[in-house]
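Structural features, examined
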Amino acid sequence: MYNKLQYISQGKTIEAQLYNIHQALDAGCDWVQMRFKNQTAKDTFALAEAVKFLCEEYLANFIVNDNLYLAQQIAADGVHLGLTDMNIAEARAILGNTKIIGGTANTFEDIENHFKNGCDYIGLGPFQFTKTKEKLSPILGLSGYFEIFEKMRQNNLKIPVYAIGGITLEDINQLMETGIHGIAVSAMITKSDQKEKLIQQLNEKLYANVIV
């Protein structure tokens, strides 16, 4: 089963991205989604190569955000596609069945479509307001998550769902009660000056009810 904590990278330069990703890996994060928006293809490729090397060193999953062909080119573990990116079924046809494909969702209908098209996991959000992402979809809040998971149960739809968007440490216990598999966070880890302690606390909450 997939790790319950995903780190979505931040940084406007290659150097900043690598520093933040290295710090997160060093602190115990073992799933990195590289998000490097509005950059040249050359810089994005250079960063992806370096991040792949780092993730291999730390035995962490490496997912590329949005850019399927880059993920294919550097043999990343998979790709995460937004609602306006390539269709999941088309991505699956290109990447094959051995790669992880994640998809962003804001509604039950989004999840249903992704599931039918062969998606492996869902990033559902935003939970609450976040500055990390431009053009934010409607905020779901706890009630939105409960409502969507109820529809998933009614339709017997089972797929790992990650909450995303402005999540704090204090939110996790209530979020786990909705039925989520885990969380995907960015600024919370990037801006923490005690990353190792934070990731330990996050994992304790995320895995609290898991029977080993």
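Our structure's up above, just so we're on the same page.
Notes on the structure in this doc start here. (Residues numbered from 1 in each chain as written. Predicted model: local features only at pLDDT ≥ 70, side-chain atom pairs only at ≥ 80, totals over all residues. Heavy atoms only, no water.)

Considering the packing of helix α1 (residues 14-26) against helix α2 (residues 41-57)
Formally: Lines fitted to C-alpha atoms define the axes, with helix axes restricted to the stretch in contact, and inter-axis angles between N-to-C directions lie between 0 and 180 degrees. Secondary structure elements are defined from DSSP: runs of H or I of at least 4 residues count as helices, runs of E of at least 2 residues count as strands, and each element is numbered from the N terminus. When describing relative orientation, an angle under 35 degrees is termed roughly parallel and one over 145 degrees roughly antiparallel, while 65 to 115 degrees is termed roughly perpendicular and anything else oblique. Crossing handedness is defined as follows: a turn of the near helix away from the far one that is anticlockwise and smaller than a right angle gives a left-handed crossing, while the clockwise case is right-handed. Should any heavy atoms of two residues lie within 4.5 Å, those residues are counted as being in contact.
For the pair α1 and α2, the least separation of the axes is 10 Å and the interaxial angle reads 15°. The orientation of α1 with respect to α2, classified from their angle, is roughly parallel. Regarding α1 and α2, the two cross each other, and that crossing is right-handed. The segment α1 lies against α2, with Ile14, Gln17, Leu18, Ile21, His22 and Leu25 engaging Asp43, Ala46, Leu47, Ala50, Val51, Leu54 and Cys55.

Description of the pairing of strand β8 (residues 182-185)
The line we're drawing: Accessible area is worked out with a 1.4 Å probe on protein chains only. A residue is then buried under 20% of its type maximum, exposed over 50%, and partly exposed in between. By the convention used here, strands pair only if DSSP detects at least 2 bridges between them.
Of the two faces of β8, both are covered, the one formed by Gly182 and Ala184 as well as the one formed by Ile183 and Val185. As paired elements, strand β1 (residues 5-8) and β8 share three bridges and run parallel to each other. If you follow Tyr7 over to β8, its bridge partner there is Val185. Bridge count for strand β7 (residues 161-164) against β8 is three bridges, and the pairing is parallel. Along β8, the bridge assignment pairs Ile164 with Ala184.

Some points on the environment of Lys158
With respect to the helices and strands, the residue Lys158 is situated in the loop between α6 (141-154) and β7. On the basis of relative accessibility, which here comes to 68%, the residue Lys158 falls in the exposed class. Between the alpha carbons of Lys158 and Ile111 there is a distance of 10.0 Å; along the sequence they are 47 residues apart.

A word on the sheet that holds β1
Spatially, the eight strands close up into a barrel ordered β1-β2-β3-β4-β5-β6-β7-β8, and their pairing is parallel. Averaged over all pairs of adjacent strands, the angle between their axes in this sheet comes to 25°, without regard to strand direction. Bridge count between strand β4 (residues 78-81) and strand β5 (residues 100-105): four bridges; the pairing is parallel. Within the sheet, the bridge partner assigned to Val79 lies in β5 and is Ile101. This element, helix α4 (residues 88-95), spans β4 and β5 of the sheet and lies at about 165° to β5. On top of the sheet, helix α9 (residues 195-206) reaches β1 and β8; it is set at about 140° to β1, its chief contact.

Side note on α6
Under the convention used in this document: Here a helix's expected span is defined as the number of its residues, less one, multiplied by 1.5 Å.
Compared with the 20 Å implied by 1.5 Å per residue over 14 residues, the 20 Å span of α6 between its first and last C-alpha is a close match. The inward-facing, buried residues of α6 contact α5 (108-116), β6 (121-124), β7 and α7 (172-178). One or two steps after α6, the chain reaches Asn156, where phi turns positive at roughly 50°.

Regarding the packing of aromatic side chains
Each aromatic ring pair is described using two quantities: the centre-to-centre distance and the angle formed by the ring planes. The cut-off we apply is this: Two rings belonging to Phe, Tyr or Trp (six-membered ring only in the last case) form a pair when the distance between their centres is within 6.5 Å. Interplanar angles under 30 degrees mark stacking, angles over 60 mark edge-to-face geometry, and anything in between is tilted.
Applying the stated criterion across every chain yields a total of six aromatic pairs. On the numbers, 6.2 Å between centres and 75° between planes, the contact of Tyr2 with Tyr121 is edge-to-face. Of this pair, Tyr2 sits in the segment before β1 while Tyr121 sits in strand β6, and the two are 119 residues apart along the sequence. For Tyr2, a relative accessible area of 23% gives the class partly exposed. Under the relative-accessibility criterion, Tyr121 is labelled buried at 1%.

A few points about the side chain of Gln10
Counted only if it meets this: We call two N or O atoms a polar contact when they sit within 3.5 Å, provided that within protein one can donate a hydrogen and the other can accept it, with sequence-adjacent residues counted only if both atoms are side-chain atoms.
Along the chain, the position of Gln10 falls in the loop between β1 and α1. Residue classification places Gln10 among the buried residues on the basis of a relative accessible area of 17%. Only 3.5 Å separates the side chain of Gln10 from the side chain of Ser186, close enough to count as a polar contact. Here the side chain of Gln10 touches Thr190 through a polar contact of 3.3 Å, side chain to side chain.

Some details on the environment of Phe149
Its place among the elements puts Phe149 in helix α6. Exposure remark for Phe149: the relative accessible area of 5% places this residue in the buried category. For Phe149, the residues in contact, after removing those within four places along its chain, are Val161, Thr178, Gly179 and Ile180.

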